[in-house]
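# Topology and contacts: notes
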Amino acid sequence: MDSINRQQPEENHKDLTGTEAGKKIKELAAKADTCYFCTKITTGEPLRTRPMAIRKVDESGSFWFLSANDSRKNADIASDKRVQLLFQGSENSDFLSIYGAASISTDKALIKDLWNPLLKTWFTEGEDDPRITVIRIDTQQGYYWDNKHGNTVAFAKMAIGAVLGKTLDDSIEGTLIV
């Protein structure tokens, strides 16, 4: 542990696995609603990163997005299915990093399930637009940074810690394996 974490008077690291990890992933992703979707993460080239709206996340840590079949991200996934998703749910907490494997589907029932009329901005023919694909990300590993008692308590602990000259941080972080 680093020097700041060693000064903590309470637990600030907790790895989560299985169902507990899946629930934490779903909870933090719901607070963000969008993420940075990164491809080309293992090529040694600069990452290709773009904001993406999450259409669905489940308690096993899988994510669904809608994308155009001719998009750069679809082409990137066709050549390397490994992706990184980065989330920030609020200014000082609810951070999540997901590493996973992507797959692409054209399942019409799934597209209908994930459809929102505002998406017609990008898919001008509506939910039957032939360019629509579903990208599914199956989480392989993740990492989270959060606070234990909400932003108000976290701020109060920081303020008291600053006055006392002690590290009183309400943060919690850890690895997520589903």
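Look up: the structure comes first, before these words.
Presented here is a report on the structure given in the accompanying data block. On a predicted model such as this, the values are computed, not experimentally measured, just so you know.

By the definition in use, this model includes 12 salt bridges. Close ionic contact of Asp-129 with Arg-131 constitutes a salt bridge, the shortest N to O distance being 3.1 Å. Through salt bridges that share partners, Lys-24, Glu-27, Lys-31, Asp-94 and Asp-146 make up one connected network.

For helix H2 (residues 18-32), with 15 residues, the first-to-last C-alpha span of 22 Å sits near the 21 Å given by 1.5 Å per residue. By the burial criterion, the buried members of H2 are Ala-21, Gly-22, Lys-24, Ile-25, Leu-28, Ala-29 and Ala-32. Considered in projection along H2, the buried side chains sweep an arc of 160° and stay on one side of the axis. Every exposed residue of H2 that faces more than 90 degrees away from the buried side is listed here: Thr-19 and Ala-30. In the stretch just after H2, Asp-33 is the one whose phi turns positive, near 70°.

Moving on, we get to the nonpolar core. One finds Phe-37, Phe-63, Phe-65, Leu-85, Phe-87, Leu-96 and Ile-137 to be the most contacted residues of the largest nonpolar core, which totals 25 residues. Listed by contribution, the elements that provide at least two residues to this core are H2, strand S2 (34-39), strand S5 (62-68), strand S6 (82-88), strand S7 (95-105), strand S8 (132-147) and strand S9 (171-177). Here this core gets five residues from one element, more than from any other, and that element is H2. Sequence-distant contacts of Phe-63, that is, excluding residues within four places in its chain, are made with Ile-25, Ala-29, Ile-54, Lys-56, Val-57, Leu-85, Phe-87, Ile-98, Ile-135, Arg-136, Ile-137 and Thr-139. Residues Trp-64, Leu-66, Leu-114 and Leu-119 belong to the second largest nonpolar core, which totals 10 residues.

Cut-off values and rules
- Residues numbered from 1 in each chain as written.
- Predicted model: local features only at pLDDT ≥ 70, side-chain atom pairs only at ≥ 80, totals over all residues.
- Heavy atoms only, no water.
- Salt bridge = Lys/Arg side-chain N within 4 Å of Asp/Glu carboxyl O.
- Helix = DSSP H or I, 4+ residues; strand = E, 2+ residues; numbered from the N terminus.
- Expected span 1.5 Å × (residues − 1).
- Buried < 20%, exposed > 50% of the residue type's maximum accessible area, 1.4 Å probe, protein only.
- Arc of directions from axis to C-beta.
- Core = buried A, V, L, I, M, F, W, Y, C linked by side-chain atoms within 4.5 Å.
- Contact = heavy atoms within 4.5 Å.

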